[in-house]
Amino acid sequence: MKLAAPESYPGIRSDFERSFQTLRSLPADIFLGSHGSFFDMARKHRAQASAKDPAAPFIDREGYLRYIDDAERRFRTELAQEQH
């Protein structure tokens, strides 16, 4: 799907940009995803073994924001490639 301005979805670019802003504004503390690699599960699982609070490694606002930043970076890269 073209992100710049596909005929079937002319507002896709602004919708993506609004989604990134909305996701950043959410008060997310616990970050999980549909696959462990989305939220660095291997590292968090190792940290959980020695944590006083087993939930502590999963309280990860910074990891959540990094994931959103990476997604936006991929979006902007693809958008730039389409415009050339």
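Details of the structure are given in the entry above.
Residues numbered from 1 in each chain as written. Predicted model: local features only at pLDDT ≥ 70, side-chain atom pairs only at ≥ 80, totals over all residues. Heavy atoms only, no water.

Caption draft 1: A look at the overall build of the protein. Scanning the protein from terminus to terminus reveals three helices and zero strands. In sequence order, the protein lays out its α and β elements as α-α-α. Considering only residue pairs separated by 6 or more positions, the protein has 65% of its internal contacts joining residues 24 or more positions apart. (Helix = DSSP H or I, 4+ residues; strand = E, 2+ residues; numbered from the N terminus. Contact = heavy atoms within 4.5 Å.)

Caption draft 2: The arrangement of the packing of aromatic side chains in detail. The final tally for this structure, using the stated rule, is three aromatic pairs. Considering the side-chain rings of Phe16 and Phe75, the 4.9 Å spacing of their centres and the 20° angle between planes classify their relative orientation as stacked. Separated by 59 residues along the polypeptide, Phe16 in helix 1 (residues 12–25) and Phe75 in helix 3 (residues 61–82) bring together distant segments of the chain. Of the residues examined, Phe16 reaches a relative accessible area of 33% and is grouped as partly exposed. Its relative accessible area of 5% is what places Phe75 among the buried residues. One aromatic cluster is present, formed by Phe16, Phe20 and Phe75 through successive ring pairs. (Phe/Tyr/Trp six-rings, centres within 6.5 Å; stacked < 30°, edge-to-face > 60°. Buried < 20%, exposed > 50% of the residue type's maximum accessible area, 1.4 Å probe, protein only.)

Caption draft 3: Structural context of the side chain of Glu72. Within the fold, Glu72 resides in helix 3. When neighbours within four sequence positions are excluded, Glu72 is seen to be in contact with Phe20 and Arg24.

Caption draft 4: Examining the nonpolar core more closely. By size, the foremost hydrophobic cluster in this structure holds nine residues: Phe20, Ala28, Phe31, Phe39, Tyr64, Ile68, Ala71, Phe75 and Leu79. Broken down by element, the residue count for this core peaks at five residues, all from helix 3. (Core = buried A, V, L, I, M, F, W, Y, C linked by side-chain atoms within 4.5 Å.)

Caption draft 5: Focus on the pattern of salt bridges. Tallying each qualifying case throughout the model produces seven salt bridges. Residue Arg13 is joined to Glu17 by a salt bridge in which the shortest nitrogen-to-oxygen separation is 3.4 Å. Linking Arg13 with Glu17, this pair stays in helix 1, spanning four residues, or about one helical turn. Overall, Arg13 belongs to the partly exposed group, its relative accessible area being 32%. Of the charged contacts, one joins Arg18 and Asp15 as a salt bridge, the two residues approaching to 2.4 Å between their closest N and O atoms. Of this pair, Arg18 and Asp15 both sit in helix 1, three residues apart, which is roughly one turn of that helix. On the accessibility criterion, Asp15 (24% relative accessible area) is partly exposed. Salt bridges sharing partners connect three or more residues here, namely Arg13, Glu17, Arg24, Asp69, Glu72 and Arg76. (Salt bridge = Lys/Arg side-chain N within 4 Å of Asp/Glu carboxyl O.)

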